[in-house]
Amino acid sequence: MNPEQLAEHLRFAAELGVAGVSRDPAWREKGDGSRFPAVAPRGDEPETEGSRAPETTPVPFFVSAGDALSAVRADIGDCTRCKLHTMGRRQIVFGVGNPNADLMFVGEAPGRDEDIQGEPFVGRAGQLLTKIIEAIGLKREDVYIANVIKCRPPENRNPEQDEVETCEPFLFRQIDIIKPKVVVALGTFAARALLRTLDPISRLRGRVYDYRGAKLIPTFHPAYLLRNPSSKREVWEDMKLVRSLLKSQV
């Protein structure tokens, strides 16, 4: 297959809804546990150690973004990649919502309630986030919600840099699968992770950033609003901008 044919094949696959490919050896197994056969040697020559053709690598065809997200969750597994798995976390908090959402919210890390229930933003801050979503005419199930960190830091402390660097690739994969039109970064740590900056959220908010094919809006975290109700006005201005961007990209 020449490069032009390959490019056409990939475009056709994308139109069919293929969300990705994998070279993981696990994809070489069929549903019944058997393995796909190796490519047969050409001609009538007997197969030898030196002439054995490499195994083919089947391409996983994800029929939906939901299937692709499930594959990312399976890849995370019962994660032990960073020290948080030894510090009291109960479970992975992956993400929740519409896998085809136009709007995605990204927070920093799960808290106590999220660690118990396995779903992001279900405590007091989550209830406020739901109200914010409804204020722009959407429902919680219309959007997708995730965090940079998938495990609760002990005592809800701030995420540490090594934890962010270890976990953020999974968030990036979530964003690339969902392909939202707008991403809202909730709080300093989410904005810093996404924008690769050390600026505080107070300096970042109020502007629109191009990010992985989406428009990114940084704003204050709902937990911050619970402590500082006077900042709700700024968040409302940010959310009006979000609403305007969503309408302009219909």
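The coordinates are above.
Definitions and limits used
Residues numbered from 1 in each chain as written. Predicted model: local features only at pLDDT ≥ 70, side-chain atom pairs only at ≥ 80, totals over all residues. Heavy atoms only, no water. Helix = DSSP H or I, 4+ residues; strand = E, 2+ residues; numbered from the N terminus. Buried < 20%, exposed > 50% of the residue type's maximum accessible area, 1.4 Å probe, protein only. Pairing = 2+ DSSP bridges. 1 Å grid on protein atoms, 1.4 Å probe; cavity = no way out; pocket = protein on both sides within 12 Å on 5 of 7 lines; lining within 4 Å. Points joined across faces, edges and corners; volume = space filled by probe spheres on them. Nonpolar A, V, L, I, M, F, W, Y, C, P; charged D, E, K, R; others polar.

1. Notes on unusual backbone geometry
- With a phi close to 55°, F121 is a non-glycine residue in the positive phi region.
- Residue placement: F121 occurs in the loop between helix 3 (112–117) and helix 4 (124–135).
- Phi angles above zero are rare outside glycine, and R212 is one such case at about 50°.
- Tracing the backbone shows R212 in the loop between strand 5 (209–211) and strand 6 (214–219).

2. Focus on the pairing of strand 6
- Buried residues dominate strand 6, accounting for five of its six residues.
- Both strand 5 and strand 6 contribute to a ladder of three bridges, which runs antiparallel. Bridging across to strand 6, D210 finds its partner in K215.
- In sequence, strand 5 turns back onto strand 6 through a hairpin of two residues, with R212 there showing a positive phi of about 50°.

3. Quick look at the layout of surface pockets
- As a volume, the largest pocket reaches approximately 580 Å³.
- The wall of the largest pocket is formed by 25 residues, among which E108, A125, N156, H221 and A223 lie closest to the centre.
- Elements represented by at least two residues in the lining of the largest pocket include exactly helix 3, helix 4 and helix 8 (222–227).
- The element best represented in the lining of the largest pocket is helix 8, accounting for four residues.
- Among the residues forming the lining of the largest pocket, the class breakdown is ten nonpolar, eight polar and seven charged.

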